[in-house]
Amino acid sequence: MTAWGSVESAVEAMRRGARDYVQKPWDNTRLIATLRTQIELASALRRTRRLEDESSRARQKELPELVAESASMKPIMRLLEKVGPSDASVLITGEHGTGKEVIARWIHAASPRSGKPFVAVNAGGLAEGVFESELFGHVRGAFTDAKTDRIGCFELADGGTLFLDEIANMPLSQQSKLLRVLQSGELTPVGSSRVRRVDVRVLAATNVSVATEVGDGRFREDLYYRLNTVEINLPPLRERREDIARLAAFFLARRSQKYNRPGRTFTMDAIQSLLEHSWPGNVRELEHVVERACVMAAGDEIGVEDLMLRPRAEAHGASRVEEMTLEEAERWLIERALARSGGSATDAARALGLSRSAFYRRLAHFGIRSSG
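Residues numbered from 1 in each chain as written. Predicted model: local features only at pLDDT ≥ 70, side-chain atom pairs only at ≥ 80, totals over all residues. Heavy atoms only, no water.

S.K.: Describe the overall build of the protein, and please don't skip the residues or the numbers.
M.R.: A count of helices and strands for the protein gives 17 helices and nine strands. Taking 21 Å as the expected radius of gyration for a compact globule of 372 residues, we find that the protein reaches 28 Å, considerably beyond that expectation. Overall, the protein is about 100 × 55 × 40 Å in size when its C-alpha atoms are taken along their principal axes. Expressed as a percentage of the 372 residues in the protein, the buried residues total 41%. (Helix = DSSP H or I, 4+ residues; strand = E, 2+ residues; numbered from the N terminus. Rg over C-alpha atoms; globule rule 2.2 N^0.38 Å. Buried < 20%, exposed > 50% of the residue type's maximum accessible area, 1.4 Å probe, protein only.)

S.K.: Go over the sheet that holds strand E7 (residues 230-233) with me, naming the residues and quoting the values.
M.R.: Pairing in this open sheet of five strands is parallel, and the strands run E2-E3-E6-E1-E7 from one edge to the other. In this open sheet, the two edge strands, each paired with only one partner strand, are strand E2 (118-122) and E7. Pairwise comparison of adjacent strand axes, ignoring direction, gives a mean angle of 20° for this sheet. Pairing between strand E3 (residues 161-165) and strand E6 (residues 201-206): four bridges, direction parallel. Each bridged residue has a counterpart across the sheet, and for Thr161 the counterpart in E6 is Arg201. Here helix H3 (residues 74-83) sits on the sheet in contact with strand E1 (90-93), E6 and E7, set at roughly 150° to E7. Packed onto the sheet, helix H4 (residues 100-109) meets E1, E2, E3, E6 and E7 and runs at close to 155° relative to E1. (Pairing = 2+ DSSP bridges. Axes fitted to C-alpha atoms, helices over the stretch in contact; angles between N-to-C directions. Contact = heavy atoms within 4.5 Å.)

S.K.: Which residues make up the packing of helix H15 (residues 326-340) against helix H16 (residues 345-352), and what values go with them?
M.R.: Two numbers describe how H15 lies on H16: the axes approach to 8 Å, and their chain directions differ by 125°. When the axes of H15 and H16 are compared, the pair comes out oblique. Our pair here, H15 against H16, has a crossing hand that is right-handed. Between H15 and H16, the contacting residues are Leu333, Ile334, Ala337, Leu338 and Arg340 on the first element and Ala345, Ala348, Ala351 and Leu352 on the second. (Parallel < 35°, antiparallel > 145°, perpendicular 65-115°, else oblique. Left-handed = near helix turned anticlockwise from the far one by under 90°.)

S.K.: Quick one: what's the story with the side chain of Thr98, residue by residue and with numbers?
M.R.: For Thr98, the location among the structural elements is in the loop between E1 and H4. Accessibility expressed as a relative area gives 6% for Thr98, which makes it buried. Polar side-chain contacts of Thr98 include one of 2.7 Å to the backbone oxygen of Glu95. When neighbours within four sequence positions are excluded, Thr98 is seen to be in contact with Leu234, Pro235, Pro236, Arg240, Asn282 and Val283. (Polar contact = N/O pair within 3.5 Å; in protein donor to acceptor, adjacent residues only side chain to side chain.)

S.K.: Lay out helix H10 (residues 244-258) with the relevant residues and their values.
M.R.: Compared with an ideal rise of 1.5 Å per residue, which puts 15 residues at 21 Å, H10 spans 21 Å between its outermost C-alpha atoms and is within 8% of the ideal. Taken from the residues just after H10, Asn260 is the one with a positive phi, measuring 55°. (Expected span 1.5 Å × (residues − 1).)

S.K.: Please set out the environment of Ser209 residue by residue, giving values where relevant.
M.R.: Among the structural elements, Ser209 can be located in the loop between E6 and helix H8 (210-215). Each C-alpha atom of the pair Ser209 and Thr93 lies 7.8 Å from the other, and the pair is 116 residues apart in sequence. A polar side-chain atom of Ser209 sits 2.9 Å from a polar atom in the side chain of Thr212.

S.K.: Can you break down the pattern of salt bridges residue by residue, with the values?
M.R.: What the rule picks out here adds up to 21 salt bridges. Two residues, Arg331 and Glu335, come together in a salt bridge whose shortest N-O distance is 3.1 Å. Residue Arg331 and its partner Glu335 are both found in helix H15; the two are separated by four residues, about one turn of the helix. Connected through shared salt-bridge partners, Arg255, Lys258, Glu287 and Glu291 make up one network. (Salt bridge = Lys/Arg side-chain N within 4 Å of Asp/Glu carboxyl O.)

S.K.: Got a sec to walk through the packing of aromatic side chains? Specific residues and values, please.
M.R.: Under the definition given, this model contains five aromatic pairs. On the basis of an interplanar angle of 20° and a centroid distance of 6.2 Å, the ring pair of Phe118 and Phe163 is categorised as stacked. Of this pair, Phe118 sits in strand E2 while Phe163 sits in strand E3, placing them 45 residues apart in sequence. For Phe163, a relative accessible area of 1% puts it in the buried group. (Phe/Tyr/Trp six-rings, centres within 6.5 Å; stacked < 30°, edge-to-face > 60°.)

S.K.: I'd like to hear about unusual backbone geometry, residue by residue, with values.
M.R.: In the segment running from Lys24 into Pro25, the intervening peptide bond is cis, with an omega of -5°. Not every positive phi belongs to a glycine, and Asn282 is a case in point at roughly 60°.

S.K.: Can you break down a nonpolar patch on the surface residue by residue, with the values?
M.R.: Taken together, the side chains of Tyr259, Val295, Met296 and Met308 make up a nonpolar region of the molecular surface, amounting to roughly 370 Å² of accessible area. Examined against the element boundaries, Met296 turns out to sit in helix H12 (residues 282-296). On the basis of relative accessible area, Met296 is assigned to the exposed category, the value being 51%. (Patch = residues over 30% accessible without salt bridge, like charges linked within 9 Å, V, L, I, M, F, W, Y side chains within 5 Å. Areas by Shrake-Rupley, 256 points an atom, 1.4 Å probe, with all protein chains shown as cover.)

S.K.: Tell me about the nonpolar core, and name the residues and values.
M.R.: By size, the foremost hydrophobic cluster in this structure holds 31 residues, and its most contacted members are Leu135, Phe154, Leu162, Leu164, Ile167 and Leu178. Those elements giving two or more residues to this core turn out to be E2, helix H5 (131-136), helix H6 (153-156), E3, helix H7 (172-184), E6, H8 and helix H9 (221-227). In terms of residue count, the dominant contributor to this core is H7 (four residues). With residues up to four places along the chain from it excluded, the contact list for Leu178 reads Phe131, Phe154, Leu164, Ile167, Met170 and Leu223. (Core = buried A, V, L, I, M, F, W, Y, C linked by side-chain atoms within 4.5 Å.)

Encoded structure:
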């Protein structure tokens, strides 16, 4: 309160934290109203902070469980704790099956957007004709089969997180369309003239070096920097062997519950076999092996024979291939590609430089099954 009011003193008072500025002589009714307003405002601010703290604690309790005790994963966990609560774009890299989507879901759960949708899309697998419709939506009549309006992935994720998997496999024409939406936050559904705004945090993943793709002219540099505020590189399972037994036990507990076979355990020989395996398909392969063993094992203990692990191809190296017939070598290469891709025929075909149709013909020829 002051009897010598001025603009300068009012500005200085507010700068130092004052909520209001009262000049003498004052009006009692107005003064009481001012005090009451500030008391109510302070109470509301305290309630807001309390709710934010409770929400933050609740988010911490709901974080997906990550088995990451190995030395190679500890710096990644520290990075996740920093980047999770932010709104930064994150590029998650690593071989097939290393758990990139699991990490993306953890980041979403640790963020203020955790109460909003998490939408995952295989960005690298969208054909040119459906790319815009899938990501941005379309209106009825936009094209021949557009019988109803469709909401795209960006709008579905509005307020939440959009996870773009296999981002490096996107054609350049699609990259430019994606970049425009990321830069402006605006999109136009196919066939519509109405611009819509979206508020989406984007997480992206790939199993190849995007920097190399940029250098070779296959990926836009400006899109790379837009997606790569922070990069998290996940190590392959062979570089985090301390986690193998823990991961196997984690998957066994989940699968035992799913198949109503509680109390199952691994024998020591089975654990040793898991530790010695090369895991070309990484964590995804380990999960599939444990699930298969859980189904096939007759007793409560899972032994080496229940795991049905193939001998390590790396132990024989090039000499094994040299001793094979052409047909045997082709089958071996196909099986290795499938193992690395966690059973995905699409990814295995791409790794071998084959079209999907040609790859499926080879699978049929050798009687090999894949997950799709």
